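Listed here are the chains, written in short residue letters.
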Amino acid sequence: MRGTGRAAFVAALLLIAGTLNIIYGIASVGDATAVVGDQRLVFTNLHTYGWVLIILGVIQLTGGLSLLGGNAYGRVLGIVGAGLGALDALAAIGGRNPWWSLGVFALCIYILHGLIIFGSDERAPAR
């Protein structure tokens, strides 16, 4: 079957992205602060965004684990998780780290591509 190696790599990427989203979500729910040089940025009331990130991370983790198990359910969850992750990355481009957001967006697009082409039959060579 075409794309099994890429599907395993995409599953690992989904596990990493899900873990990071859960960490960022917990930090947002816990009223984290960020220090940039001498300027201290205090984010207030990020609880809703934190819970959204936690739910997105759980979807991505579940999709990655299920995809490693070879289930079609993991493919569907991976596509949903990567699509939502891409939208989240686009929404965060105006923040402090726009290049990081663009990198995450590109990673989500790569994950989507890997999951969409997974399982399509290989063409027979033309004679």
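Just above sits the structure.
The rules we used
- Residues numbered from 1 in each chain as written.
- Predicted model: local features only at pLDDT ≥ 70, side-chain atom pairs only at ≥ 80, totals over all residues.
- Heavy atoms only, no water.
- Helix = DSSP H or I, 4+ residues; strand = E, 2+ residues; numbered from the N terminus.
- Buried < 20%, exposed > 50% of the residue type's maximum accessible area, 1.4 Å probe, protein only.
- Contact = heavy atoms within 4.5 Å.
- Areas by Shrake-Rupley, 256 points an atom, 1.4 Å probe, with all protein chains shown as cover.
- Patch = residues over 30% accessible without salt bridge, like charges linked within 9 Å, V, L, I, M, F, W, Y side chains within 5 Å.
- Salt bridge = Lys/Arg side-chain N within 4 Å of Asp/Glu carboxyl O.
- Phe/Tyr/Trp six-rings, centres within 6.5 Å; stacked < 30°, edge-to-face > 60°.
- Axes fitted to C-alpha atoms, helices over the stretch in contact; angles between N-to-C directions.
- Parallel < 35°, antiparallel > 145°, perpendicular 65-115°, else oblique.
- Left-handed = near helix turned anticlockwise from the far one by under 90°.
- Nonpolar A, V, L, I, M, F, W, Y, C, P; charged D, E, K, R; others polar.

S.K.: I would appreciate a short explanation of the overall build of the protein in the present structure.
M.R.: A tally of helices and strands in the protein yields 4 helices and 2 strands. Written out in order from the N terminus, the α and β elements of the protein read α-β-β-α-α-α. The buried share of the protein, reckoned over its 127 residues, is 31%. Long-range contacts, defined here as pairs at least 24 residues apart, represent 69% of the contacts in the protein between residues at least 6 apart. Summing over all exposed atoms, the protein offers an accessible surface of approximately 8000 Å²; the carbon and sulfur share of this is 67%.

S.K.: What's the story with a nonpolar patch on the surface in this structure? I'm lost.
M.R.: Where nonpolar side chains cluster on the molecular surface, the patch consists of Ile16, Leu20, Ile23, Tyr24 and Trp100 and spans about 500 Å² of accessible area. Sort the elements by how many residues they give to the nonpolar patch and helix α1 (residues 4-29) lands first, with 4 residues. You can see Ile16 is positioned in helix α1.

S.K.: In this structure, what is going on with the side chain of Gln60? I would like to understand it.
M.R.: Within the secondary structure, Gln60 is located in helix α2 (residues 47-68). With a relative accessible area of 2%, Gln60 lands in the buried category. Discounting chain neighbours no more than four positions away, the residues touching Gln60 are Leu14, Ala17, Gly18, Asn21, Gly81 and Gly85.

S.K.: Is there a simple way to explain the packing of aromatic side chains in this structure?
M.R.: Working definition: an aromatic ring pair is given by the centre-to-centre distance plus the angle between the planes. Under the counting rule described, the total for this entry stands at 1 aromatic pair. Aromatic side chains Phe9 and Tyr110 sit 6.1 Å apart centroid to centroid with 75 degrees between the ring planes, which places their arrangement in the edge-to-face category. Of this pair, Phe9 sits in helix α1 while Tyr110 sits in helix α4 (residues 98-117), and the two are 101 residues apart along the sequence. We classify Tyr110 as partly exposed; its relative accessible area is 33%.

S.K.: Sorry if this is basic, but what is going on with the packing of helix α3 (residues 72-91) against α4 here?
M.R.: For any two helices packed against each other, the geometry comes down to the angle between their axes and how far apart the axes lie. The geometry of α3 relative to α4 is characterised by a closest axis approach of 8 Å and an angle of 160 degrees between their N-to-C directions. By the angle between their directions, the pair α3 and α4 is classed as roughly antiparallel. Remark: the crossing between α3 and α4 carries left-handed chirality. Contact with α3, carried on its side by Arg75, Gly78, Ile79, Ala82, Gly83, Gly85, Ala86, Ala89 and Leu90, involves Ser101, Val104, Phe105, Cys108, Ile111, Leu112, Leu115 and Ile116 of α4 and no other residues of that element. Classifying every residue of the contact of α3 with α4 gives 12 nonpolar, 4 polar and 1 charged.

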